[in-house]
Amino acid sequence: MSAENMEVGWLRSQDSEVVHLYRDGQDQYGEQMLEYRGRTELLKDDITNGRVSLRIRDVRPTDDGQYKCYFQSSASYKDALLELQVADLGSAPAISVEGHQDGGIRVVCQSSGWYPEPKAQWRDHQGQLLPSASEEISPEANGLFQTEIATVITEESNQKVFCCVRNPRLDQERESAISIAGQCPSVPHMDRLSHCRHERRVLIIVSPIYWPGPSRC
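Residues numbered from 1 in each chain as written. Predicted model: local features only at pLDDT ≥ 70, side-chain atom pairs only at ≥ 80, totals over all residues. Heavy atoms only, no water.

A. Examining the pairing of strand β10 (residues 119-124) more closely. Residue alternation in β10 divides its side chains into a buried set, Ala120, Trp122 and Asp124, and an unburied set, Lys119, Gln121 and Arg123. Note that β10 and strand β14 (residues 161-167) share six bridges and pair antiparallel. Opposite Trp122, over in β14, you have Cys163 as the bridge partner. Direction of pairing for β10 relative to strand β11 (residues 129-130): antiparallel, over a ladder of two bridges. (Buried < 20%, exposed > 50% of the residue type's maximum accessible area, 1.4 Å probe, protein only. Helix = DSSP H or I, 4+ residues; strand = E, 2+ residues; numbered from the N terminus. Pairing = 2+ DSSP bridges.)

Printed below as a string of structure tokens:
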């Protein structure tokens, strides 16, 4: 039936605050929650058949959650619940080299702009999980999340490795790779250790004059 002369509302179901309200044939923006003002639109092209849609622009993590939609007239009232799940695929992982640790080379992977909290992993070229040396997920000012995960690449695992960050809600991930060429055991004078980065390939360069005996790099 036509809803042109009905009251149509969208509420946050837990506290019944107004997300968008249509009454007396027009939108009632003055009754909206502050955080939704200027961001909603009721699509009424099919309102004569009792069908309307709510458009939310500039979606934020705080929009995540349960909503209630209702139709009300002088003779009837009907409502329904909807679960809105917000998700954001963050930035491509950025990999950096921090130096030697525990007989290997410590590499760190960072990525930001995820929602909800992402899952980060290191994998070898065969897809097998590598142990992480540290892992941290922290909130950003905009409500999104950033992640940082480190691993130590040893001589035994001297090969291309991949940092993978996945959004579990979208079941999608972003991935970056790094290759270590010329890895050496830990010895004094590591202050001469330097690294250069070209796209996603990292070369570890050590000045051979500081190594006792023949250089292994």
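B. Region of interest: the sheet that holds β11. Pairing within the open sheet is antiparallel, and its four strands lie in the order β11-β10-β14-β15. Edge strands, defined here as strands with exactly one partner in the open sheet, are β11 and β15 (172-178).

C. Examining the environment of Lys78 more closely. Structurally, the position occupied by Lys78 is in strand β7 (residues 77-84). Taking C-alpha positions, Lys78 is 9.9 Å from Val8, a pair spaced 70 residues apart along the chain. Leaving out residues up to four positions away in the same chain, Lys78 has contacts with Cys69, Tyr70 and Phe71. (Contact = heavy atoms within 4.5 Å.)

D. Here's a closer look at the sheet that holds strand β8 (residues 94-101). The strand order β8-β9-β13-β12 describes an open sheet built from four strands, whose pairing is antiparallel. Each of the sheet's edge strands pairs with one partner strand only, and the pair in question is β8 and β12 (134-139). On average, adjacent strands in this sheet sit at an angle of 15 degrees to one another, irrespective of strand direction. Sheet topology note: the β12/strand β13 (residues 145-153) ladder contains six bridges and is antiparallel. Within the sheet, the bridge partner assigned to Glu136 lies in β13 and is Glu148. (Axes fitted to C-alpha atoms, helices over the stretch in contact; angles between N-to-C directions.)

E. Examining the side chain of Ser176 more closely. Structurally, Ser176 is set in strand β15. Looking at Ser176, its side chain comes within polar contact range of the main-chain oxygen of Pro93, at 2.7 Å. (Polar contact = N/O pair within 3.5 Å; in protein donor to acceptor, adjacent residues only side chain to side chain.)

F. Representation of the pattern of salt bridges in the model. Here the structure, examined in full by the defined rule, presents eleven salt bridges. Residue Lys44 pairs with Asp27 through a salt bridge whose shortest N-O separation is 3.2 Å. Remark: Asp27 occurs in strand β3 (residues 26-27) and Lys44 occurs in the loop between β4 (40-43) and β5 (53-56); sequence separation between them is 17 residues. Here the residues in one salt-bridge network are Glu7, Arg23 and Glu31, joined through shared partners. (Salt bridge = Lys/Arg side-chain N within 4 Å of Asp/Glu carboxyl O.)

G. Structural view of the state of the cysteines. Within this structure, the stated rule accounts for one disulfide. One disulfide bridge connects Cys109 with Cys163, the sulfur atoms lying 1.9 Å from each other. For the disulfide bridge between Cys109 and Cys163, the dihedral angle about the S-S bond is near -80 degrees, and by the sign convention the bridge is left-handed. Of the two residues, Cys109 is situated in strand β9 (residues 104-114) and Cys163 in strand β14; the sequence distance between them amounts to 54 residues. With no disulfide partner, Cys164 has as its closest neighbouring cysteine sulfur the one in Cys163, 6.6 Å distant. (Disulfide = S-S within 2.5 Å.)

H. Structural detail: unusual backbone geometry. The omega torsion across Tyr115 and Pro116 is -5 degrees, close enough to zero to call that bond cis. Tracing the backbone through its elements, the reader meets Pro116 in the loop between β9 and β10. One non-glycine residue, Asp24, adopts positive backbone phi at about 55 degrees. Tracing the sequence through the fold places Asp24 in the loop between β2 (17-23) and β3. Look at Asp24 and you get exposed, because its relative accessible area is 67%. Of note in the backbone geometry, Asp171 takes a positive phi value of approximately 55 degrees without being a glycine. Asp171 gets classed as exposed once you look at its relative accessible area, which sits at 59%.

I. Main features of the environment of Tyr115. Turning to its location among the elements, Tyr115 is positioned in the loop between β9 and β10. Apart from residues lying up to four places away in sequence, Tyr115 is in contact with Pro61, Asp64, Val86, Ala87, Asp88, Gly143, Leu144, Phe145, Asn167 and Arg169.

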